[in-house]
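Analysis of the macromolecular model
Below are the chains, spelled out letter by letter.
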Amino acid sequence: MKLGVLDIGSNCAQLQIVDGAPGAPPLPAMAIKEPTRLAEEIDDDGELSERGVARVIRAVGQALVAARQNHVEELFVYATSAIRDSGNRDSVLDSIEAETGIRPQFLTGEDEAQLTYAAAHRWYGWSAGRILLLDIGGGSLEIALGRDAKPDLALSLPLGAGRLTRDFLPDDPPSDRQLRELRRHVHATLREISDRLRWEGPAARAVVTSKTFKQLARVCGAAPQRKGPFVHRELSAADLRALVPELAAQPAAKRAKLRGISASRAGQIVAGAVVAEQVMKAFDLTSVELCPWALREGIILRYLAGLPDQVPDLHLQPISGTVRPDDAVPLRPVADCELPIG
């Protein structure tokens, strides 16, 4: 069967289409993304602007056209923290539904952490031992720890790269004072959870899944995505410590020219790097390993395993007749598709 997952995130809306069957890995068929840049559209009251809503509607509409063109009749559609935490969330969802016929659902941060952990656990297998999972999104940081298919600990902290850039790093490039304040904030937020993780004991494998970690690792020399999902990729704490001041000293336009840094994330990569640096320091990690599977794969794997109760508040939605193809411009396939095969 062909399954679709549409992830409406802070930076982009990404449609992932897979060929799936129970007991088999979700094999990638196509991935398409459209920019949303929602982090820059949150006003002082915490509400998403009309321009941000329009971007989401356009991105969702285009994704639905692509899904229909690829013979996907149902898909999971969910929004992450940028919409989930916005003060006008319900009106945003109403507008998307009125224009596209699809109403995005949303997971809690803890749900996201659990499902992302489930994907990583499936990727590495039972021999991995206890896994510590870290994922830096646009609005939140997800953390999960466990040995079994379901984590013992899963939580979400408001330490997303887009959110922190908006709240702490208004200048481009940021000032030394802004960076100090950001580090203090991240350190204070992590303090209680770092004590809990130390109490739990060290993990056998520290795994990261987010685009922020992947781009930081690429700048530090990790293999490009075109090498495929089975190449070992990692990011060391030493390399990251050396990279942060280099990134912070440059404006976003120059960061976007660095190997691995996309233009859409160049403005928030400094905040993401600070969070990554502070997390690795707080949890005593000398390096982390990049996992090619994340939240979208976690949703699909749970569904294929026949565990709908473990995908809370998220169900397949029909897309037939939801949007008019002539309303959307041609979509751009993801050039550096990160979907693993196997």
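Residues numbered from 1 in each chain as written. Predicted model: local features only at pLDDT ≥ 70, side-chain atom pairs only at ≥ 80, totals over all residues. Heavy atoms only, no water.

This structure, assessed with the given rule, holds 3 aromatic pairs. A ring pair is formed by Trp-123 and Trp-293, whose centres lie 5.2 Å apart and whose planes are at 65 degrees; its orientation type is edge-to-face. Taken as a pair, Trp-123 in helix α4 (residues 109–124) and Trp-293 in the loop between β11 (287–290) and α11 (295–304) lie far apart in primary sequence, 170 residues in all. Of the two residues examined, Trp-123 and Trp-293, each falls in the buried class. One aromatic cluster is present, built from ring pairs that chain together Trp-123, Phe-230 and Trp-293. (Phe/Tyr/Trp six-rings, centres within 6.5 Å; stacked < 30°, edge-to-face > 60°. Helix = DSSP H or I, 4+ residues; strand = E, 2+ residues; numbered from the N terminus. Buried < 20%, exposed > 50% of the residue type's maximum accessible area, 1.4 Å probe, protein only.)

Moving on, we get to α11. Buried residues dominate α11, accounting for 9 of its 10 residues. Of all the positions in α11, only Leu-295, Arg-296, Glu-297, Gly-298, Ile-299, Ile-300, Leu-301, Arg-302 and Leu-304 are classed as buried. On its buried face, α11 sits against β1 (2–8), β2 (12–19), β4 (74–79) and α4. Following α11 by one or two positions, Gly-306 has its phi on the positive side, about 75 degrees. (Contact = heavy atoms within 4.5 Å.)

Turning our attention to the environment of Ala-128. Within the element layout of this structure, Ala-128 appears in the loop between α4 and β6 (131–136). Exposure remark for Ala-128: the relative accessible area of 6% places this residue in the buried category. Ala-128 sits 59 residues away from Gln-69 along the chain, and the two C-alpha atoms are 39 Å apart. Leaving out residues up to four positions away in the same chain, Ala-128 has contacts with Ala-204 and Arg-205.

Here the focus is the nonpolar core. Residues Leu-134, Leu-141, Ile-143, Leu-190, Leu-216 and Phe-283 are the most contacted members of the largest nonpolar core, which totals 52 residues. Ranked by residue count, the leading element in this core is helix α10 (residues 269–282), at 10 residues. Leaving out residues up to four positions away in the same chain, Leu-141 has contacts with Asp-135, Ile-136, Leu-155, Ser-156, Leu-157, Leu-159, Gly-160, Leu-190, Val-275 and Val-279. Counting residues in each nonpolar core, the second largest holds 29 residues, with Ile-32, Ala-79, Ala-82 and Ile-319 among its members. (Core = buried A, V, L, I, M, F, W, Y, C linked by side-chain atoms within 4.5 Å.)

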